[in-house]
Amino acid sequence: AGADDFVGKPIANDELMARISAMLRVRRAEERLREMTNRLDGLVMERSGRTIPDLFAESEEAFRSIEAGVVRQLSEGPAAVISTGGGVVMDDLNVDRMRGSGTTVLLDAPVQELVSRLGEADDRPLYQSPEGLTRLRAERELHYRSACDHIVDTAGLSAVEVAEEVIRCVRT
């Protein structure tokens, strides 16, 4: 409920308090979710002391090796949300570790929306062009679908709406 929901509309105190309480719970849940989230690429960079493009300049295998080590470490650790890149599912051992340690959720969106989100991303070595992304996605699609327990179509959703859908998936 945004501020516009309250403009010019009478609202009972108990309903107002319920809405405020719900908004605070969502905000606390968002903060807790943010604290629990591990961005896999960030952890790879932290572990290696190098950027993703630098690792890929050496070889994709160098990046994937460190990535697999981080996946192993996270899968053995406490509960967490792990935000991965698309290539992690190309390694069956990564998929086994992720599925064996929790619920996996594919955040899906049409290629055009992904292109819009990526913009001029220079930190995504495998993203060369919209056509290249379409080709890469087609190559990985089966892996994406078989690696996940749930799929959330993120097209047109806000970050909060996506988080709510992911939470709903994890609870089922």
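Summary of the structure given here. Since this is a predicted model, take the numbers as computed values, not measurements.

The subject of this paragraph is the overall build of the protein. Along the backbone of the protein there are eight helices and four strands. Order of helices (α) and strands (β) in the protein, N terminus to C terminus: α-β-α-α-α-β-α-β-α-α-β-α. Out of the 172 residues belonging to the protein, those deemed buried represent 26%. Pairs at least 24 residues apart make up 60% of the contacts formed inside the protein by residues separated by at least 6 positions.

The next thing to look at is the state of the cysteines. Structurally, a disulfide amounts to a covalent bond that connects the sulfur atoms of two cysteines. Summed over all chains, the structure comprises zero disulfides. Of the cysteine sulfurs around Cys148, a residue in no disulfide, the closest is that of Cys169, at 9.3 Å. When its relative accessible area of 10% is taken as the criterion, Cys169 is described as buried.

A few words now on the environment of Thr154. By secondary structure assignment, the location of Thr154 is in the loop between strand 4 (150-153) and helix 8 (159-171). The contact partners of Thr154, leaving out residues within four places of it in the chain, are Leu107, Asp108, Ala109, Glu113, Arg117 and Val162.

Packing of helix 6 (residues 111-118) against helix 7 (residues 130-147) leaves a shortest axis separation of 10 Å and a crossing angle of 125 degrees. With respect to their mutual orientation, helix 6 and helix 7 come out oblique. The element helix 6 and its partner helix 7 pack so that their crossing is right-handed. Between helix 6 and helix 7, the contacting residues are Val111, Leu114, Val115 and Leu118 on the first element and Pro130, Leu133, Thr134 and Arg137 on the second. Across the contact of helix 6 with helix 7, the residue classes tally to six nonpolar, one polar and one charged.

With that settled, consider the packing of aromatic side chains. When we look at a pair of aromatic rings, we describe it by the centre distance and by the angle of the planes. On inspection of all chains with the given rule, the structure shows one aromatic pair. An angle of 35 degrees between the planes, with centres 5.0 Å apart, marks the rings of Phe56 and Phe63 as tilted. The same class applies to Phe56 as to Phe63, namely buried.

Moving on, we get to the environment of Ser146. Along the chain, the position of Ser146 falls in helix 7. Look at Ser146 and you get partly exposed, because its relative accessible area is 45%. Reaching out from Ser146, the side chain makes a polar contact with the backbone oxygen of His143 at a distance of 3.4 Å.

The next thing to look at is helix 4 (residues 60-75). For helix 4, which comprises 16 residues, the first-to-last C-alpha distance of 22 Å matches the rise-based estimate of 22 Å (1.5 Å per residue) to within 8%. Listed as buried for helix 4 are Ala62, Phe63, Arg64, Ile66, Glu67, Ala68, Gly69, Val70, Val71, Leu74 and Ser75.

In this section: the nonpolar core. Judged by nonpolar contacts, the single largest core of 18 residues is most densely connected at Leu40, Val44, Phe63, Val70, Val88 and Val89. Listing elements by their share of this core, those giving two or more residues are helix 2 (40-48), helix 3 (52-58), helix 4, helix 5 (92-101) and helix 7. Ranked by residues supplied to this core, first place goes to helix 4 with five residues. When residues no more than four places from it in sequence are discounted, the contact partners of Val70 are Leu40, Leu43, Val44 and Arg47.

Turning our attention to the pattern of salt bridges. Tallied over the full model, the rule gives ten salt bridges. Between Arg99 and Asp149 there is a salt bridge, with its nearest N and O atoms 2.5 Å apart. In this pair, Arg99 is assigned in helix 5 and Asp149 in the loop between helix 7 and strand 4, connecting sequence segments 50 residues apart. Overall, the relative accessible area of 34% leaves Asp149 in the partly exposed class. Residue Asp108 pairs with Arg145 through a salt bridge whose shortest N-O separation is 2.9 Å. In this pair, Asp108 sits in strand 3 (residues 105-108) while Arg145 sits in helix 7, placing the two residues 37 residues apart along the sequence. By relative accessible area, which is 14% here, Asp108 ends up buried. The class for Arg145 is partly exposed, based on a relative accessible area of 34%. What you see here is one network of salt bridges that share partners, running through Asp108, Arg137, Glu141 and Arg145.

Thresholds, definitions, all that
- Residues numbered from 1 in each chain as written.
- Predicted model: local features only at pLDDT ≥ 70, side-chain atom pairs only at ≥ 80, totals over all residues.
- Heavy atoms only, no water.
- Helix = DSSP H or I, 4+ residues; strand = E, 2+ residues; numbered from the N terminus.
- Buried < 20%, exposed > 50% of the residue type's maximum accessible area, 1.4 Å probe, protein only.
- Contact = heavy atoms within 4.5 Å.
- Disulfide = S-S within 2.5 Å.
- Axes fitted to C-alpha atoms, helices over the stretch in contact; angles between N-to-C directions.
- Parallel < 35°, antiparallel > 145°, perpendicular 65-115°, else oblique.
- Left-handed = near helix turned anticlockwise from the far one by under 90°.
- Nonpolar A, V, L, I, M, F, W, Y, C, P; charged D, E, K, R; others polar.
- Phe/Tyr/Trp six-rings, centres within 6.5 Å; stacked < 30°, edge-to-face > 60°.
- Polar contact = N/O pair within 3.5 Å; in protein donor to acceptor, adjacent residues only side chain to side chain.
- Expected span 1.5 Å × (residues − 1).
- Core = buried A, V, L, I, M, F, W, Y, C linked by side-chain atoms within 4.5 Å.
- Salt bridge = Lys/Arg side-chain N within 4 Å of Asp/Glu carboxyl O.

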